[in-house]
Amino acid sequence: MGNSSTKKFVYVTLLAAMAISINVLESTFIPAMPFGIRFGLANIIALITIEMFGVKEMLIVNAMRVVIGSLLRGTIFGSTFWISLGGVCISSLVIIICKKLLKLPIISTSMLSAIGHSVGQVLMVSFIYTQTSMVAIIPYLLISAIPTGILTGYVSLEANKRLPRIIR
Amino acid sequence: MKKKDLMVILSIAVVAILVFVGVRVFTEEKTNEVGIVYLNNQEVLKFDMNEDYIYEFDGAYGHMKLEVKDEKWRIFEEECPTHICSKMGFVGKDDLVPIVCIPNNITVTTVELK
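The model shown is predicted, which means the values in this text are computed figures rather than measured ones. (Residues numbered from 1 in each chain as written. Chains lettered and ligands numbered in written order. Predicted model: local features only at pLDDT ≥ 70, side-chain atom pairs only at ≥ 80, totals over all residues.)

Secondary structure summary: chain A contains six helices and zero strands in total. Secondary structure of chain A in N-to-C order comes out as α-α-α-α-α-α. Taking 15 Å as the expected radius of gyration for a compact globule of 168 residues, we find that chain A reaches 16 Å, a close match to that expectation. Along the three orthogonal principal directions, the C-alpha set of chain A runs to about 50 × 35 × 30 Å. Of all intrachain contacts in chain A linking residues separated by at least 6 positions in sequence, the fraction that spans at least 24 positions is 71%. (Helix = DSSP H or I, 4+ residues; strand = E, 2+ residues; numbered from the N terminus. Rg over C-alpha atoms; globule rule 2.2 N^0.38 Å. Contact = placed C-beta atoms within 7 Å.)

This is the structure we're talking about:
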């Protein structure tokens with residue numbers, strides 16, 4: 001018991017570290033596209049975590065990604081931090097609903113969580129800047145979530161095939 | 001790719017089109033519209049979108065320039081780590097999308113003059 005929970009703890013922290021580094025590297029090396037469209041590569045890790053472990057671990061990994069990621073970038077408790085927190089809350093919620101309630105395949109989960117992330121961010125921006133007209137950006141984000149969601153979903157699908165089922 | 005994935009893609013596309021059309025249908029036509037720049041929800045400057053001009057102002061992060069040309073406007077030469085706002089390029093009043101720069105806490109949008 002002690003041994004396996006330590007093992008699990010180590011795996012979860014490793015996954016969180018990977019999510020944080022992917023997040024920081026992506027925002028540094030991949031230039032942002034118009035409307036702030038991004039690949040959301042860190043979502044791969046969230047999808048792998050929920051598949052390998054479960055809901056609780058995915059929430060830990062996502063929360064660590066936002067908090068430690070913004071600590072590293074020096075944007076903690078600034079408006080950027082609250083916006084990414086809003087995005088990650090909605091996208092985690094969407095992953096849980098898709099995975100546990102609707103039992104959707106991983107690529108659909110990935111696309112819908114990408115949408116959740118952008119909608120969460122847009123809601124947060126509308127809230128902070130009291131700009132309800134930000135809603136006009138949602139169609140572009142919805143369409144862009146299709147290719148980026150397929151990419152991240154496919155990567156985590158292939159990764160999950162190769163990763164051993166460590167702890168249930 | 002499974003059948004469910006294709007259905008999800010299709011429904012995303014349908015919702016996107018509905019939102020795209022819906023936003024345009026339900027937005028009221030503004031008369032006597034002027035452009036406005038906010039910093040932290042405080043008005044920084046108003047601009048006439050029919051007059052070509054280059055405005056300069058400071059955001060929370062650094063200096064920014066706003067160019068108005070042919071009833072469209074854009075942010076350029078801004079001091080900002082991401083440059084998302086200048087990549088949006090020119091925005092007109094039919095685009096309905098405000099320019100938002102988060103590191104600078106700047107929003108550029110339109111209001112109705114009363």
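Turning our eyes to something else, we now look at the sheet that holds strand 6 (residues 91-92) of chain B. To summarise the sheet geometry, strands pair through backbone hydrogen bonds and adopt either a parallel or an antiparallel arrangement. In spatial order, the strands read 3-4-5-6 (chain B); together these four strands make up an open sheet with antiparallel pairing. The sheet terminates laterally at strand 3 (53-58) and strand 6 of chain B, the two strands that pair on one side only. (Pairing = 2+ DSSP bridges.)

Here we take up helix 5 (residues 106-129) of chain A. Since there are 3.6 residues in each turn of an α-helix, residues three or four apart along the chain are aligned in direction. All names here are of chain A. Taking 1.5 Å of rise per residue, the 24 residues of helix 5 would be expected to cover 34 Å, and the 34 Å separating its terminal C-alpha atoms lies within 8% of that figure. Most of helix 5 is tucked away, with 20 of its 24 residues classed as buried. Within two residues after helix 5, Thr-130 carries a phi angle of roughly 45°, on the positive side. (Expected span 1.5 Å × (residues − 1). Buried ≥ 20, exposed ≤ 12 C-beta atoms within 10 Å, placed from the backbone.)

Right, let's get into the interface of chain B and chain A. Contacts between the two partners involve 25 residues from chain B and, on the opposite side, 29 residues from chain A. In terms of residues, the side of chain B that touches chain A owes the most to one element, helix 1 (residues 3-26) of chain B, which gives ten residues. Here the residues of the side of chain B that touches chain A are counted per class, giving 16 nonpolar, five polar and four charged. (Nonpolar A, V, L, I, M, F, W, Y, C, P; charged D, E, K, R; others polar.)

Here the focus is unusual backbone geometry. Residue and element names in this part refer to chain B. A positive phi is found at Asn-41, a non-glycine position, where the angle reads about 65°. Note on placement: Asn-41 falls in the loop between strand 1 (33-39) and strand 2 (42-47). The exposure class assigned to Asn-41 is exposed, which follows from the 11 C-beta atoms found within 10 Å. Here the phi dihedral of Asn-105 falls at roughly 55°; this positive angle occurs in a residue that is not glycine.

Just distances and angles here, no functional claims.
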